[in-house]
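Letter by letter, the chains look like this.
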Amino acid sequence: MTDIEKTAGGTSAPPAAPEAIKAIPVKHYGRYVSAVIAIALLAAIVYAFSQGKINWHAIPDYFFDDRILTGVGKTLLLTVLSMVIGIVGGIVLAVMRLSKNPVTSSIAWFYIWFFRGTPVLVQLFLWFNLGLVFEYINLGPIYKNYWSDFMTPLLTALLGLGLNEAAYMAEICRAGLLAVDEGQTEASHALGMSHAKTLRRVVIPQAMRVIVPPTGNEVINMLKTTSLVAAVQYPELFRYAQDIGQNSGAPVEMYFLAAAWYLIMTSILSVGQYYIERYYARGSSRQLSATPWQKVKANMLSLGRPRGSVGA
């Protein structure tokens, strides 16, 4: 029998309650200092622009101008067409790079080395000025014309942006293909599937989870890179903003306008990228994270629920 302390009345005394722990939160003074510095810098930038000679009213006046909207449409069209060329070319180059044929592998390696190693603007000017080297383009009975008539600003932009993008997409696709376990390919070949069918049915669907996120970044980057084609006389958003700024006497304001349109378009593309990544993550995650709208909805429901109630 254990010894039990007893009071004068002979009853056992209840055990003493443990002393409550007083938690003292750690004070992060660095956070407060950095927040104050960031707010002060932001306020200084806002104040500086408020004091500058900027005609802010010119931005809403031209925001939905027909020329600006035409430039937005051409920018989106150029982005889509260039990315189609880049993605298709990237897939072909990635397969060539992974080929056991040394000739095709070397050609793909040289292509990637050249286009990744030279600036896009240099490539655009190179395509645009090839008419100084070749007077005609002669494809035999198929097509023959003057180079200056053949190499239009649109074709220059597509070749300069699309072929350059193919080099980057080749490395992205190659990384995605290498991320798939070799056992998947071996098992497919053991079942009698051809190499092309194995790529199409087994390897590429699994590689998409790795390929999609950087491809989304490339699309957004391509949208911004289209502004370079103004140098080869192709009229897109930036070129139209430049022209309006020179004619209206508000060049800086039109640059702000173009930047606002680029921000809107890249934000929309970022939302699309998020949901595409979520779609291809279904096979790798047991439970997908909540979307931003689902989080907002859950927070609104939690605010409306009575305190202390338990959700179903």
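Residues numbered from 1 in each chain as written. Predicted model: local features only at pLDDT ≥ 70, side-chain atom pairs only at ≥ 80, totals over all residues. Heavy atoms only, no water.

Sorry if this is basic, but what is going on with the overall build of the protein here?
Of regular secondary structure, the protein possesses 12 helices and 2 strands. When the 312 residues of the protein are sorted by exposure, 28% land in the buried category. Pairs at least 24 apart in sequence give 71% of the contacts found in the protein among residues at least 6 apart. As presented, the protein carries roughly 21200 Å² of accessible surface, and 65% of it is formed by carbon and sulfur atoms. (Helix = DSSP H or I, 4+ residues; strand = E, 2+ residues; numbered from the N terminus. Buried < 20%, exposed > 50% of the residue type's maximum accessible area, 1.4 Å probe, protein only. Contact = heavy atoms within 4.5 Å. Areas by Shrake-Rupley, 256 points an atom, 1.4 Å probe, with all protein chains shown as cover.)

Any chance you could explain unusual backbone geometry here in plain terms?
What is expected of a backbone is that most residues other than glycine have negative phi and most peptide bonds are trans. A positive phi angle, close to 70 degrees, is found at Gln233, a residue other than glycine. The residue Gln233 is located in the loop between α9 (195–225) and α10 (237–248) in this model. Note on Gln233: relative accessible area 44%, which makes it partly exposed.

What is the right way to look at the nonpolar core in this model?
Here is a general trend for soluble globular proteins: nonpolar side chains tend to be buried in one another's company. Leu78, Leu161, Leu177 and Val229 are the most contacted members of the largest nonpolar core, which totals 21 residues. Contributions of two or more residues to this core are made by α3 (66–98), α5 (120–128), α7 (153–179) and α9. Not counting residues up to four positions away in its chain, the partners in contact with Leu78 are Leu154, Ala157, Leu158, Leu161, Thr226, Val229 and Tyr234. Counting 16 residues, the second largest nonpolar core, distinct from the first, contains Val72, Leu223, Ile244 and Trp261. (Core = buried A, V, L, I, M, F, W, Y, C linked by side-chain atoms within 4.5 Å.)

Would you mind going over α9 with me for this structure?
Along an α-helix, residues three or four apart share an orientation, since each turn contains 3.6 residues. Here α9 spans only 36 Å end to end across 31 residues, well under the 45 Å set by a 1.5 Å rise per residue. Bending of α9 peaks at approximately 45 degrees at the position of Met208. (Expected span 1.5 Å × (residues − 1). Bend = angle between axes of the 7 residues up to and from the residue.)

Explanation requested: the confidence of the model for the protein in the structure shown.
Regions with low pLDDT should not have their predicted coordinates read in detail. Averaged over the protein, the pLDDT score is 84; the fraction of residues at 70 or greater is 85%. Note on residues 307–312: pLDDT under 50 across the span, and 1 contact to partners over four residues away in sequence or across chains. (pLDDT = per-residue confidence, 0-100.)

Is there a simple way to explain the side chain of Glu218 in this structure?
Along the polypeptide, Glu218 turns up in helix α9. Among buried charged residues, Glu218 stands out as having no salt bridge; its nearest opposite-charge side chain is Arg116, 9.2 Å away. Residues in contact with Glu218, not counting those within four places in the same chain, are Met83, Glu165, Tyr168, Met169 and Ile172. (Lys, Arg positive; Asp, Glu negative; His and termini not counted. Salt bridge = Lys/Arg side-chain N within 4 Å of Asp/Glu carboxyl O.)

Sorry if this is basic, but what is going on with the packing of α3 against α9 here?
Two numbers describe a pair of packed helices, the interaxial angle and the distance between the axes. Close contact between α3 and α9 brings their axes to 11 Å; oriented N to C, the two are set at 140 degrees. With respect to each other, α3 and α9 are oriented oblique. Along this stretch, α3 crosses α9, giving a crossing that reads as right-handed. On α9, the residues that touch Thr75, Leu76, Thr79, Ser82, Met83, Ile87 and Val95 of α3 are Leu199, Thr215, Glu218, Val219, Met222 and Leu223. (Axes fitted to C-alpha atoms, helices over the stretch in contact; angles between N-to-C directions. Parallel < 35°, antiparallel > 145°, perpendicular 65-115°, else oblique. Left-handed = near helix turned anticlockwise from the far one by under 90°.)

I tried to follow the packing of α3 against α10 on my own but got confused; where do I start?
Interaxial distance between α3 and α10 falls to 7 Å at its minimum, and their mutual angle equals 160 degrees. One way to sum up the angle between α3 and α10 is to call them roughly antiparallel. Across from Arg67, Ile68, Thr70, Gly71, Val72, Lys74 and Thr75 in α3, the residues of α10 making contact are Leu237, Tyr240, Ala241 and Ile244. Tallied by class, residues from the contact of α3 with α10 come to 6 nonpolar, 3 polar and 2 charged. (Nonpolar A, V, L, I, M, F, W, Y, C, P; charged D, E, K, R; others polar.)

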